[in-house]
Amino acid sequence: MGDWLKLTEEDIEQAQQTVRAAPVLTEALVIYADDLPASAPSSQLTSAGQVLQITEEDLTVVPPQPITSPNLAQLEQLMFGLINQARAAHLPGWLKTVNLRWHTGLTAVARGHSQDMQQRQYIDHTSPEGVTAAQRLGQYGITYLACGENIGIVYGPNSHSQQGIYDVHHAFMKQPRSLTNHRGNLLNPVWTHVGIGVAYAPSGVLLITQNFMSAPGAK
């Protein structure tokens, strides 16, 4: 956990240059039930190397489970807490942006994108009509200096509970240090705000969108 504790002003400047040049958009991370051994649900996770195109077969791999739907708002807050815990553990305490602030506008955008992907069966930062993550924020009237987005998806039994949130978070954090992957997006010192949107399908699919932005003056 000590790699980000050595963050310098040069690291922050590099992060600022990177995210202001273009939105930080990572390839969707997909977790299947077969990736998770029964004895250790979150110890072995894999990420997809390509953008996943969901088919009807993908959505029916796991039959409907005889349980109630999860509370999506609670799952979003769980992930919000995990993000700030990770930032507190990996970023130096003198940074003003260690703890990200919850942003209702970003959350609305993230929820809308997760629901759209779930309903129309695609996984991408860009909608089938070509609307990008940055354009979605603009359509909602959100102003920012820089933005980024993470997408994660869980299939199988863990999608029906909080375990799916833990699976995605641990998979993000297992990635190597980089400013351009899911882990780097989550820990980027430039971000000031985050919004999280979760969508759920009883067939066994949990979709998570994390929207980040740098907007020091925003509430």
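About the criteria used
- Residues numbered from 1 in each chain as written.
- Predicted model: local features only at pLDDT ≥ 70, side-chain atom pairs only at ≥ 80, totals over all residues.
- Heavy atoms only, no water.
- Helix = DSSP H or I, 4+ residues; strand = E, 2+ residues; numbered from the N terminus.
- Expected span 1.5 Å × (residues − 1).
- Buried < 20%, exposed > 50% of the residue type's maximum accessible area, 1.4 Å probe, protein only.
- Contact = heavy atoms within 4.5 Å.
- Phe/Tyr/Trp six-rings, centres within 6.5 Å; stacked < 30°, edge-to-face > 60°.
- Core = buried A, V, L, I, M, F, W, Y, C linked by side-chain atoms within 4.5 Å.
- Salt bridge = Lys/Arg side-chain N within 4 Å of Asp/Glu carboxyl O.
- pLDDT = per-residue confidence, 0-100.
- Pairing = 2+ DSSP bridges.

Asks: Explain helix α4 (residues 104-120) residue by residue, including any values.
Replies: The end-to-end C-alpha distance of α4, which contains 17 residues, comes to 24 Å, matching closely the 24 Å that a straight helix rising 1.5 Å per residue would cover. Listed as buried for α4 are Gly105, Leu106, Thr107, Val109, Ala110, His113, Ser114 and Met117. Against the buried residues of α4 lie α3 (72-90), β3 (101-102), α5 (133-139), β4 (146-155), β5 (193-201) and β6 (205-214).

Asks: Outline the packing of aromatic side chains, supporting the account with residue identities and numerical values.
Replies: Taken as a whole, this structure holds 2 aromatic pairs when the rule is applied. For the ring pair Phe80 and Trp102, a centre distance of 5.1 Å and an interplane angle of 65° mean the geometry is edge-to-face. With a gap of 22 residues between them, Phe80 in helix α3 and Trp102 in strand β3 connect regions that are remote in the sequence. The buried category is assigned to Phe80, whose relative accessible area is 15%. Residue classification places Trp102 among the partly exposed residues on the basis of a relative accessible area of 23%. Taken together, a centroid distance of 6.0 Å and an interplanar angle of 15° make the contact between Trp191 and Phe212 stacked. One end of the pair, Trp191, is in the loop between α7 (182-187) and β5; the other, Phe212, is in strand β6, and 21 residues separate them in sequence. Residues Trp191 and Phe212 agree in their burial class; the two are buried.

Asks: Quick one: what's the story with the nonpolar core, residue by residue and with numbers?
Replies: Counting residues in hydrophobic clusters, the biggest one holds 28 residues, and the most contacted among them are Ile165, Ile196, Leu206 and Ile208. Among the secondary structure elements, those contributing two or more residues to this core are β2 (29-31), α3, β4, α6 (163-173), α7, β5 and β6. Considering each element in turn, this core owes the most residues, 7 residues, to α3. Residues Ile123, Ile151, Val205 and Leu207 belong to the second largest nonpolar core, which totals 12 residues.

Asks: An account of the pattern of salt bridges is requested, with residue identities and associated values reported.
Replies: Under the criterion given, the structure shown has 4 salt bridges. A salt bridge links Glu149 to Arg136; the nearest nitrogen and oxygen atoms lie 3.1 Å apart. On the criterion of sequence distance, the pair formed by Glu149 in strand β4 and Arg136 in helix α5 is long-range, its members being 13 residues apart. The buried category is assigned to Glu149, whose relative accessible area is 0%. One connected set of salt bridges, linked through shared partners, spans Asp116, Arg120 and Glu129.

Asks: Residue-level account of α6, with values.
Replies: Counting buried positions over the 11 residues of α6 gives 8, a clear majority of the element. Buried within α6 are the following residues: Gly164, Ile165, Asp167, Val168, His169, Ala171, Phe172 and Met173. In this structure, the buried residues of α6 make contact with β2, α3, β4, α7, β5 and β6.

Asks: Could you give an account of the confidence of the model for the protein, naming the residues involved and the relevant values?
Replies: Looking at the protein as a whole, its pLDDT mean stands at 82, while 74% of the residues score no less than 70. The least confident element of the protein, judged by mean pLDDT, is helix α2 (residues 56-59) at 44; the most confident is β3 at 97.

Asks: Could you give an account of the pairing of β6, with specific residues and numbers?
Replies: The buried count for β6 comes to 10 of 10 residues, which makes it a mostly enclosed element. The side-chain alternation of β6 yields two buried faces, one formed by Val205, Leu207, Thr209, Asn211 and Met213 and the other by Leu206, Ile208, Gln210, Phe212 and Ser214. The pairing of β4 with β6 spans 10 bridges and is classified as antiparallel. Paired with Ala146 across the strands is Ser214, a residue of β6. Bridge count for β5 against β6 is 9 bridges, and the pairing is antiparallel. The residue of β6 that forms the bridge with Val198 is Ile208. Remark: 3 residues form the turn of the hairpin made by β5 and β6, two consecutive strands paired antiparallel; Gly204 in that turn has positive phi of roughly 115°.

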